[in-house]
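Architecture at a glance
Single-letter residue listing:
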Amino acid sequence: MAISLDSKDRLIFALDVQDKNEAQRLVKLLQNRVGCFKVGLELFVKEGPEILKLIKDYSPADIFLDLKLHDIPATVRGALKSAEKLGAKYITIHSTEGEAILETSKEVKDSSLEVLAVTFLTSLHQSQLCKLGFEQTTKLSDLVLDRALKAQQSGCAGIICSGEEIAKVKQKCGDDFKVIVPGIRPEWSKISADDQSRITTPRKAIQAGADLIVVGRPIRDANNPDEAAQKIVSEISNSAR
Ligand code: C5P
């Protein structure tokens, strides 16, 4: 890992909740426990940019605006310019459409906002590729690597991928290109009706070279979210290379 971080700073908590009241409760509880709060579509659509202010009022942690922007280049470029002023550290764009969208990341290259490219969602399984029009022999990990290389060449700061692709991406893209990994399921977590497919544990993700991991439900739905986050931070700490 190129960047030197505390174990806590490598944990991103996905604030996948319905409204600002629930967000405030969890941000207060985990304010010094995690390195970053991730605001996704559910919360951002409901509460708008004000939610970032609320997080900042209660916690020094970074903010990840996970909007997974997917539109024509001019529109994504405009959205990135608008987001630049909100005070988030990370924002996501989709990589499906190739370089024209990925290069919109250059729009904010002089700001502190880092653009991350979503490769393939961690809810997707290798067995679903055929239905999406890919050849039967196509390997999902090769597709992820291809998108990662394009994202890097286009100026993105890093990518989002699953635990299964971390080592390959790190090997080809190098240490400075950030690899952020959702689909994290600690061995002790039990998620009912889980929609994630390409899952891994915090230990395996960190050992494979993930810079940061994203954890939502295993913390949010735990009986004691603070204790769950603590357990994940110590797993990160015990696994760091
Ligand atoms: O609850 P869980 O730990 O599955 O949450 C994972 C989070 O990471 C969700 O907020 C989801 O939107 C996000 N994410 C993902 N897969 C990606 C990119 C983001 O699961 N490829």
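Quick note: structure is the one above.
Residues numbered from 1 in each chain as written. Predicted model: local features only at pLDDT ≥ 70, side-chain atom pairs only at ≥ 80, totals over all residues. Heavy atoms only, no water.

1. Structural notes on the overall build of the protein
The secondary structure content of the protein amounts to 10 helices and eight strands. Relative to the compact-globule value of 18 Å for 241 residues, the protein shows a C-alpha radius of gyration of 17 Å, a close match. For the C-alpha atoms alone, the extent of the protein along its principal axes is close to 45 × 40 × 35 Å. Split into buried and exposed, the 241 residues of the protein put 50% on the buried side. Long-range contacts, defined here as pairs at least 24 residues apart, represent 67% of the contacts in the protein between residues at least 6 apart. Just so you have it, the protein exposes about 11400 Å², and 46% of that area is on carbon and sulfur atoms. Distance between charge centroids for the protein: 2 Å, based on 34 positive and 34 negative side chains. (Helix = DSSP H or I, 4+ residues; strand = E, 2+ residues; numbered from the N terminus. Rg over C-alpha atoms; globule rule 2.2 N^0.38 Å. Buried < 20%, exposed > 50% of the residue type's maximum accessible area, 1.4 Å probe, protein only. Contact = heavy atoms within 4.5 Å. Areas by Shrake-Rupley, 256 points an atom, 1.4 Å probe, with all protein chains shown as cover. Lys, Arg positive; Asp, Glu negative; His and termini not counted. Charge placed at Lys NZ, Arg CZ, Asp CG, Glu CD.)

2. Thoughts on the sheet that holds strand β2 (residues 36-39)
Sheet architecture is closed into a barrel: eight strands sit in the order β1-β2-β3-β4-β5-β6-β7-β8, paired in parallel fashion. Recorded for the sheet is a direction-independent mean angle of 25° between the axes of neighbouring strands. With four bridges joining them, β2 and strand β3 (residues 62-69) adopt parallel strand pairing. For Phe37, the partnering residue across the bridge sits in β3 and is Ile63. Across the sheet, helix α10 (residues 225-239) is in contact with β1 (11-14) and β8 (212-215); its angle to β1 comes to roughly 150°. (Pairing = 2+ DSSP bridges. Axes fitted to C-alpha atoms, helices over the stretch in contact; angles between N-to-C directions.)

3. Observations regarding the environment of Pro218
By the element assignment, Pro218 lies in helix α9 (residues 217-220). Residue class for Pro218 comes out buried when judged on its relative accessible area of 3%. Counting along the chain gives 10 residues from Pro218 to Ala228, while the straight-line C-alpha distance between them is 7.3 Å. Leave out the neighbours within four places in its chain, and Pro218 touches Ile184, Arg185, Pro186, Trp188, Ser189, Ile191 and Ala228.

4. What about the site of the ligand?
Of all residues adjacent to the ligand, which total 17 residues, the nearest are Asp16, Lys38, Thr122, Arg185 and Arg217. The contact in question runs from an oxygen atom of the ligand to an N or O atom on the side chain of Lys68, over 3.4 Å. The backbone of Gly216 places a nitrogen or oxygen atom 2.9 Å from an oxygen atom of the ligand. Coverage of the ligand by the protein chains reaches 88% of its 470 Å² of free accessible surface. Counting residues per element, the ones that place at least two in the shell around the ligand are β3, β8 and α9. Its residues assigned to classes, the shell around the ligand shows eight nonpolar, three polar and six charged. (Near = heavy atom within 4 Å. Polar contact = N/O pair within 3.5 Å; in protein donor to acceptor, adjacent residues only side chain to side chain. Nonpolar A, V, L, I, M, F, W, Y, C, P; charged D, E, K, R; others polar.)

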